[in-house]
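# Descriptive analysis of the structure
If you want the building blocks of each chain, they are given just below.
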Amino acid sequence: LPSVSAPSLVVGAVAIRNKSHAPGTGYVEQVEFAHGTGGGTAGLAIEDRAVTTGGTVAVTGEISSNVDWAVVALELRAALG
């Protein structure tokens, strides 16, 4: 994520099919769940990381093997004032 402000929380949501996810360096996996059987299993993993200095932050993680996936990342910042 470019131009991340501090302090903030970077959150990644990873959709995966029939595999498991491991959070990237500095991230904590908050939840991972799956539904279905075999190749029809759909999963979602949520990871987050506290950011204490501004700048670009890589949203990383690892999936147990090659598979279809999608990721959404966002930055949550405290309200000013």
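Residues numbered from 1 in each chain as written. Predicted model: local features only at pLDDT ≥ 70, side-chain atom pairs only at ≥ 80, totals over all residues. Heavy atoms only, no water.

Attention now moves to the nonpolar core. As a rule of thumb, nonpolar side chains are buried together in soluble globular proteins. Judged by nonpolar contacts, Val4, Val10, Tyr27, Val51 and Val57 together constitute the single largest core of 5 residues. Setting aside its immediate chain neighbours within four residues, Tyr27 contacts Val10, Glu47, Asp48, Arg49, Val57, Ala58, Val59 and Thr60. (Core = buried A, V, L, I, M, F, W, Y, C linked by side-chain atoms within 4.5 Å. Buried < 20%, exposed > 50% of the residue type's maximum accessible area, 1.4 Å probe, protein only. Contact = heavy atoms within 4.5 Å.)

A few words now on the side chain of Glu47. Summarising the element assignment, Glu47 is placed in strand S4 (residues 42–51). Of the side chains bearing the opposite charge, Arg49 lies closest to the buried Glu47, which forms no salt bridge; the N-O distance is 8.6 Å. Polar contacts involving the side chain of Glu47 include one to the main-chain amide nitrogen of Gly24, which spans 3.3 Å. (Helix = DSSP H or I, 4+ residues; strand = E, 2+ residues; numbered from the N terminus. Lys, Arg positive; Asp, Glu negative; His and termini not counted. Salt bridge = Lys/Arg side-chain N within 4 Å of Asp/Glu carboxyl O. Polar contact = N/O pair within 3.5 Å; in protein donor to acceptor, adjacent residues only side chain to side chain.)

With 10 bridges joining them, strand S1 (residues 8–17) and S4 adopt antiparallel strand pairing. Its bridge partner lying in S4, Arg17 is registered against Ala42. One ladder, built from 7 bridges, connects strand S3 (residues 28–35) with S4; its direction is antiparallel. Following the sheet pairing, Ala34 is matched in S4 by Gly43. (Pairing = 2+ DSSP bridges.)

Attention now moves to the environment of Leu76. On the secondary structure map, Leu76 appears in strand S6 (residues 69–77). Here the alpha-carbon distance between Leu76 and Val4, two residues 72 residues apart in the chain, equals 9.4 Å. Not counting residues within four places of it along the chain, the set of residues in contact with Leu76 comprises Ser8, Leu9 and Val11.

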